[in-house]
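Notes for the structure review
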Amino acid sequence: MAKGIRDKVAILGMGCSKFGERWDMNAEDLMVEAYIEAIADAGIETKQIDAAWLATAIEEQHVGKSAVPLAMALRLPYIPVTRVENYCASGTEAFRGAVYAVASGAADIALALGVEKLKDTGYGGLPQRGRGTLNNMTWPNSSAPGNFAQLAAAYRAKHGSAPQDLKRAMAHISVKSHDNGAKNPKAHLRNKITIDTVVNSPMIAEPLGLYDCCGVSDGSACAIVTTPEIARSLGKKDLITVKALQVAVSNGTEAQHNSWDGSYFATTRVASKRAYEEAGIRNPREEVNLIEVHDCFSVTELVTMEDLHISGEGRAIFDVLDGFYDAAGSVPCQIDGGLKCFGHPIGASGLRMIYEMYLQMQGRAGERQRQDMPRIGLTHNLGGFPHQNVCSISIVGRYGD
Amino acid sequence: MSVGILGFGAYVPWKRLQRKAIVDQHGWFNSALRSQGKGERAMANWDEDAVTMAVEAARDALTGFDRAGVRALRVASTTFPFLDRLNAGIVADALELSDETAASDVAATQRAGTSALIDALRSGQRTLVVGSENRRTKAASTHELTSGDAAAALLVGEGDVVARLLAAKTRTADFVDHYRSMDNTFDYQWEERWIRDAGYMKVAPPVIRDCLAAANVKPEEVTTFCFASTLSKVSQAVAKAAGMAEAAVADPLYAGLGDSGVAHPLLLLAAALETAKPGDRILVVGFGQGADALLFEVTDRITSCTRGLGVSGYLARRKEETQYSRFLAFNGLIEMERGMRSETDKQTPLSAMWRNHETVTRFNGGKCRKCGTLQFPRTRICVGPNCGAIDSQDAHSFADTKGRINSYTADRLTYSPDPPACYGMIQFEDGGRWMMDFTDVDEKDLQVGADMRMMFRIKDIDSARGFRRYFWKAAPMAGVAKEG
């Protein structure tokens, strides 16, 4: 195996806009909002950035194609700027581009920014889109909840779970994220809810009700990365470095071969194993202190607990109901509210997860700060559908640990 | 070797609109309808049309037959979705008939089905004749109550026939009991009493007499008289006028299906064959700007022939529909607020459609010669884990393969003409799978492991360009023909 990315790159600064229905903001304004915070946090000037990556997934709804919108919005000085898109995992892809640029020595300081302006569609939920010429001829006109809801059917069939038990565990996940989001001033949804609210909410795609679905938000998040040496030379202490960055992309096995049972993410299982290896983690349930996962839907978060090898197979329901992943639990999941409540401006989400890790590890997370100061955090950013997707895992932690 | 019917089949849509549901809505306007609220009529699903129903009836008729032997295909309808695109060409492709098959559309009269049947029987070629109709009627019209959507198919030619053609006769007369022109969506109809007295009674009996005389068969020797008319007692009156026994008049299938137009004479013939005994003589008459009469004699083969679901099987595969507004919506008879999600562009690039027609229309995937893995679609590199062979796949059709539900949902967010949109991962018995739409399914019947069959349906309707594209969908296995 390649030597990997562990401790080669440090986070110099980060920023994140307020997420939500930002009716008065263009995507470009949101980019600047996240950038102003990040550049101030990094303590550098724009001209010190050597390269940049922009993540957007549904660009036709806002900035259009290419990386030009980022270069223009931030007035970047004719540097290499690249736009990346990999479904909802785009944000982590931008981060990966910037980290790899620094690790390779091609750039001293690199920037990754993700943005999405989704609330110009005229209706709730993600925009209805085509999937490509041939796919349009054979794929169902499925919605995102419709695709992810199928995890529940397959999970129930595999583990013999009663529908109401699974639904209650899913409800616990949403209630927990609303509790957490209520403490986050940048979160889209800040209201607390009850189990009954979730269970009785209108059905979107069986068995996912309204409160099993994450928010569709406008927002932006930004990271500036450099080498640990440069970070120190710029006066930074207590560095947060990248321990692992792994991506696994479906190759058609789940969609076309009967070896996959539909109840889990094949990509997440592979990517997380590789990430633990890259980061030198042997027992993730014990060693990982904090996780931010791609909780686009409650059931996604539930099965992901197993795919990350933190809950045993078929055990996620019990860990969830035991509060293992609550803010005060052993391994808090979505302590910032997650996609569910912080919101899901697609291109920004992967970077938003890393932003929360960065704050928590520095003790800057305000009311929602985990008191035991997490040292190893994992983010899980997923794009696509259970049967064909992109899974991006990053692990960050204290430099030197 | 005789010339006659080799195979027969039918298709009736799953939904049966309760006539009471129509009458309850329109009785205030037309009180004459109130007495017609009995029984039910077959109602095509939103994703069905004359083409898709023709495919299903043809598959039913071809049960047990080698499709390579079909030399010609004639599809008859007055409700073809395309005016200038060979509708039978879509049917032929979906059936995977040889590209040497002579396919043609027959249209423009209610007797198009029987005329196509006569021509096919006279051609000497093994021909698949299909009648299919997705009827168009105005809200609150009598025809809305009396019509039904259905299709029937007959495989004819020389060979070990189940029914031998004894004679066929035709008369042409420009008797316009109703018409529909290029400029009209719906029929314009003249008075029923005139149609009965000057039409049916004057046109049909002479053709019947000619046909029986040509076969040297006496009227009373006719066992079953298949005649489609929704007018009261007309079939009996025609039978009597031609000298046939009233008991010979076949059940017009009005109570549970309705009059399926061009398809109906063929449907009644298929239904008659389902219960026929060797030696029976079946007379089928098609009426419309003249009349066609065909007389068949049932052979011993009827007792051992391979059968599909047939009329009786499809009539039994049934879902009561009590929502009249669903019928209005499916047939474009009401302006619905379909939501912004319905505005997504459904344009089909025709070049890509042709390039991929084996995948999309035939539901062909691949079978790897190296590892044996079945897969959909057929691609250049095998999906088999640890295989990855290049250009190793032979075409493999999934159209007649049983599938099982691996995962499913009922989606209320996405746009569907009939929400919730039910779809999921279908896993095929011997390998291969696809995430696909379900159709003709009740949400409550969805479960992992449920057996599903494949049906050819409309995938999307591109209303901006007047186009529709087709693909295969999974439907519950219930009511599927047993092999052999």
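None of these values were measured; they are calculated from a predicted model.

Here we take up the overall build of chain B. Looking only at helices and strands, one finds twelve helices and 22 strands in chain B. With the principal axes as the frame, chain B shows a C-alpha extent of 75 × 60 × 35 Å. For chain B, contacts bridging at least 24 residues in sequence account for 73% of all contacts bridging at least 6.

Right, let's get into helix α8 (residues 263-275) of chain B. Residues and elements named next belong to chain B. The end-to-end C-alpha separation of α8 is 19 Å, in line with the 18 Å expected for 13 residues at 1.5 Å each. Burial within α8 is extensive, with eleven of its 13 residues counted as buried. The set of residues buried in α8 consists of Ala263, His264, Pro265, Leu266, Leu267, Leu268, Leu269, Ala270, Ala271, Ala272 and Leu273.

Residue and element names in this part refer to chain A. Considered domain by domain, chain A is made up of domain 1 (10-119 + 218-233) and domain 2 (143-214 + 243-398). Domain 1 puts 33 residues into the contact, and the matching count from domain 2 is 29 residues. Listed by contribution, the elements that provide at least two residues to the side of domain 1 that touches domain 2 are β1 (10-16), α3 (90-104), β4 (109-116) and β7 (219-226). Ranked by residue count, the leading element in the side of domain 1 that touches domain 2 is α3, at eight residues. Grouping the amino acids of the side of domain 1 that touches domain 2 by side-chain chemistry returns 19 nonpolar, nine polar and five charged.

A few words now on the sheet that holds strand β2 (residues 15-18) of chain B. Residue and element names in this part refer to chain B. The strand order across the open sheet built from three strands is β3-β2-β14, with neighbouring strands paired in mixed fashion. Each end of this open sheet is capped by a strand with a single partner; those strands are β3 (40-43) and β14 (319-321). Within the sheet, the average angular offset between the axes of one strand and its neighbour, ignoring direction, is 40°. The pairing of β2 with β3 spans four bridges and is antiparallel. Note on β3: the bridge partner recorded for leucine 17 is arginine 41. Sheet contacts for helix α1 (residues 19-26): β2 and β3; angle to β2, the most-contacted strand, approximately 40°.

If you look at the biggest cluster of nonpolar residues, it comprises 284 residues, and the most contacted ones within it are Ala98, Leu113 and Ala223 of chain A together with Val91 and Leu154 of chain B. Apart from the residues within four sequence positions on either side, leucine 154 of chain B is in contact with Ile5, Phe8, Ala61, Leu117, Val129, Leu266, Leu269 and Ala270 of chain B.

Residue and element names in this part refer to chain B. The sheet built from nine strands is open, its strands ordered β5-β4-β6-β7-β1-β8-β13-β12-β11 with mixed pairing. Each of the sheet's edge strands pairs with one partner strand only, and the pair in question is β5 (102-106) and β11 (224-227). Taken pair by pair, the neighbouring strands of this sheet meet at an average axis angle of 25°, ignoring direction. Where strand β4 (residues 72-76) and β5 come together, five bridges link them in parallel fashion. Considered in β5, the bridge of alanine 72 is made with alanine 102. Sheet contacts for helix α6 (residues 192-215): β8 (163-172), β12 (281-287) and β13 (290-298); angle to β8, the most-contacted strand, approximately 140°.

Now for unusual backbone geometry. Cis peptide bonds are those with omega within 30 degrees of zero, and the linkage from glutamate 206 of chain A to proline 207 of chain A qualifies with 0°. As for its placement among the helices and strands, proline 207 of chain A is situated in the loop between β5 (203-205) and β6 (208-209). A cis amide bond, omega -5°, links phenylalanine 376 of chain B with the succeeding residue proline 377 of chain B. Along the polypeptide, proline 377 of chain B turns up in the loop between β16 (374-375) and β17 (393-397). Unusually for a residue other than glycine, arginine 75 of chain A sits at a positive phi of about 55°. Examined against the element boundaries, arginine 75 of chain A turns out to sit in the loop between α2 (68-74) and β3 (81-84). At alanine 140 of chain B, a residue that is not glycine, the phi angle is positive and equals roughly 70°. Looking at where alanine 140 of chain B falls in the secondary structure, it is placed in the loop between β6 (127-133) and α5 (142-146).

Residue and element names in this part refer to chain B. Taken domain by domain, chain B holds domain 1 (2-330) and domain 2 (350-363 + 398-476). Computed from C-alpha coordinates alone, the two centres of domain 1 and domain 2 are separated by 28 Å. The partner domain 2 presents 13 residues to the 16 residues of domain 1 that form the contact. For the side of domain 1 that touches domain 2, the secondary structure elements donating two or more residues are α2 (50-61), α3 (87-94) and α10 (324-330). Of the residues that constitute the side of domain 1 that touches domain 2, the class distribution is eight nonpolar, two polar and six charged.

Take the environment of arginine 6 of chain A next. Residue and element names in this part refer to chain A. Here arginine 6 is to be found in the segment before β1. For arginine 6, a count of 16 C-beta atoms within 10 Å corresponds to the partly exposed category. Sequence spacing of arginine 6 and alanine 279 is 273 residues, and the spatial spacing of their C-alpha atoms is 6.0 Å. In this view, arginine 6 contacts Lys243, Ala244, Glu278, Ala279 and Gly280; residues no more than four positions away in its chain are not counted.

Further remarks concern the interface of chain B and chain A. The interface of chain B with chain A comprises 39 residues on the first partner and 34 residues on the second. The set of elements that each furnish at least two residues to the side of chain B that touches chain A consists of β18 (403-411), β19 (421-428), β20 (433-437) and β22 (467-476) of chain B. Of all the elements, β18 of chain B adds the most residues to the side of chain B that touches chain A, at six residues.

Another aspect to go through is the pairing of β20 of chain B. Residue and element names in this part refer to chain B. By the criterion of burial, β20 is predominantly enclosed, with five of the five residues buried. Summarising the sheet, β19 and β20 pair through five bridges and their orientation is antiparallel. Looking at β20, one finds that methionine 425 is bridged to methionine 435. Counting the residues that bridge the hairpin from β19 to β20 gives four residues, and of these glycine 431 lies at a positive phi of roughly 120°.

Our focus in this paragraph is α2 of chain B. Taking 1.5 Å as the rise per residue, α2 of chain B with twelve residues should run 16 Å; its terminal C-alpha atoms sit 16 Å apart, in good agreement. Where α2 of chain B is concerned, the buried positions are Ala50, Val51, Thr52, Met53, Ala54, Val55, Glu56, Ala57, Ala58, Arg59, Asp60 and Ala61 of chain B.

Segments scoring low in pLDDT should not have their predicted coordinates read at a detailed level. Mean pLDDT over chain B: 96, with 99% of residues reaching 70 or higher. Scoring the predicted complex yields pTM 0.96 and, for the interface, ipTM 0.95.

Quick look at the environment of cysteine 88 of chain A now. Residues and elements named next belong to chain A. Mapped onto the elements, cysteine 88 comes out in the loop between β3 and α3. Separated by 283 residues in sequence, cysteine 88 and glutamine 371 place their C-alpha atoms 31 Å apart. For cysteine 88, the residues in contact, after removing those within four places along its chain, are Ala57, His294, Cys296, Ile346, Ser349, Asn381, Leu382 and Gly383.

Here is what the cut-offs are and how they apply
- Residues numbered from 1 in each chain as written.
- Chains lettered and ligands numbered in written order.
- Predicted model: local features only at pLDDT ≥ 70, side-chain atom pairs only at ≥ 80, totals over all residues.
- Helix = DSSP H or I, 4+ residues; strand = E, 2+ residues; numbered from the N terminus.
- Contact = placed C-beta atoms within 7 Å.
- Expected span 1.5 Å × (residues − 1).
- Buried ≥ 20, exposed ≤ 12 C-beta atoms within 10 Å, placed from the backbone.
- Domains from an automatic or database assignment.
- Nonpolar A, V, L, I, M, F, W, Y, C, P; charged D, E, K, R; others polar.
- Pairing = 2+ DSSP bridges.
- Axes fitted to C-alpha atoms, helices over the stretch in contact; angles between N-to-C directions.
- Core = buried A, V, L, I, M, F, W, Y, C linked by C-beta atoms within 7 Å.
- pLDDT = per-residue confidence, 0-100.

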